[in-house]
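So you can see what is in the structure, the chains are spelled out below.
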Amino acid sequence: MKKKNGFTLIELLAVIVILAIIALIAVPIVLNLIERSRKGAAIDSAYGYKEAINEHYLSELIDNPNYILNGKYKVGSNGILINTQNEEESYNIEVSGSKLSNGEVTFVNNVMTEACLIISGYKVTLEDGKFTSSGKGECDSVQEEPQVEESP
């Protein structure tokens, strides 16, 4: 009687099918985990940007005790804050972490009350003092008030 060494074709196919089933289950889980970590990194970068703005405010306050941040500001791709009412008023905010591509922030008496930031393609918003992200997206553009022509 001969001893048989190796696997039959059926045994190999069974192993391949089992590995395919494991891959079908594991791949979506891993991809979801990667997506959540990217969102978390974008949120952490938003907190870092907020902290960088606070540091900027405190350093400006040393030179100008009446310095105040109020109103809406556009955020440039390099972290620059540009006042939407007076584009000459802009501030270079040094920030580490994932870079911002654009967004808007609103300040009331030096406190960031609203924000929509695009960081690594993820839309990060400030709600009730906490940054959240629902995933990739764009900030809604600021709608300018329509100009009403006065009739004579």
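Here's a quick rundown of the structure.

Cut-offs used in this document
- Residues numbered from 1 in each chain as written.
- Predicted model: local features only at pLDDT ≥ 70, side-chain atom pairs only at ≥ 80, totals over all residues.
- Heavy atoms only, no water.
- Helix = DSSP H or I, 4+ residues; strand = E, 2+ residues; numbered from the N terminus.
- Contact = heavy atoms within 4.5 Å.
- Pairing = 2+ DSSP bridges.
- Expected span 1.5 Å × (residues − 1).
- Buried < 20%, exposed > 50% of the residue type's maximum accessible area, 1.4 Å probe, protein only.
- Axes fitted to C-alpha atoms, helices over the stretch in contact; angles between N-to-C directions.
- Phe/Tyr/Trp six-rings, centres within 6.5 Å; stacked < 30°, edge-to-face > 60°.

Structurally, isoleucine 80 is set in strand S2 (residues 80–83). Ignoring any residue separated from it by four or fewer positions in sequence, one finds isoleucine 80 in contact with Tyr49, Lys74, Val75, Ser90, Tyr91 and Asn92.

The subject of this paragraph is the pairing of strand S6 (residues 122–127). Remark: a regular strand shows side chains that alternate across the two faces of the sheet. By the bridge criterion, 5 bridges tie strand S5 (residues 111–119) to S6 in an arrangement that is antiparallel. Bridged to isoleucine 119 within S6 is tyrosine 122. Remark: 2 residues form the turn of the hairpin made by S5 and S6, two consecutive strands paired antiparallel; serine 120 in that turn has positive phi of roughly 55°. The sheet contact formed by S6 and strand S7 (residues 130–136) spans 6 bridges and is antiparallel. Considered in S7, the bridge of tyrosine 122 is made with lysine 136. Connecting the antiparallel pair S6 and S7 is a turn made up of 2 residues, with aspartate 128 showing a positive phi of about 55°.

Attention now goes to helix H1 (residues 9–63). For H1, with 55 residues, the first-to-last C-alpha span of 80 Å sits near the 81 Å given by 1.5 Å per residue. Within the span of H1, buried status applies to Ala42, Ile43, Ser45, Ala46, Tyr49, Ala52, Ile53, His56 and Tyr57.

Further remarks concern the sheet that holds S6. In space, the 7 strands of this open sheet follow the order S3-S2-S1-S4-S5-S6-S7, with antiparallel pairing throughout. Where the open sheet ends on each side, the last strands, each with one partner, are strand S3 (90–92) and S7. When the angles between neighbouring strand axes are averaged without regard to direction, this sheet yields 20°. Where strand S4 (residues 100–108) meets S5, 8 bridges bridge the pair, whose relative direction is antiparallel.

We now examine the packing of aromatic side chains. Within this structure, the stated rule accounts for 5 aromatic pairs. Consider the rings of tyrosine 67 and tyrosine 91, whose centres lie 5.8 Å apart with planes at 90°: the pair is edge-to-face. Remark: tyrosine 91 occurs in strand S3 and tyrosine 67 occurs in the loop between H1 and strand S1 (71–75); sequence separation between them is 24 residues. Among the aromatic residues, those joined into a cluster by ring pairs are Tyr57, Tyr67, Tyr73, Tyr91 and Phe107.

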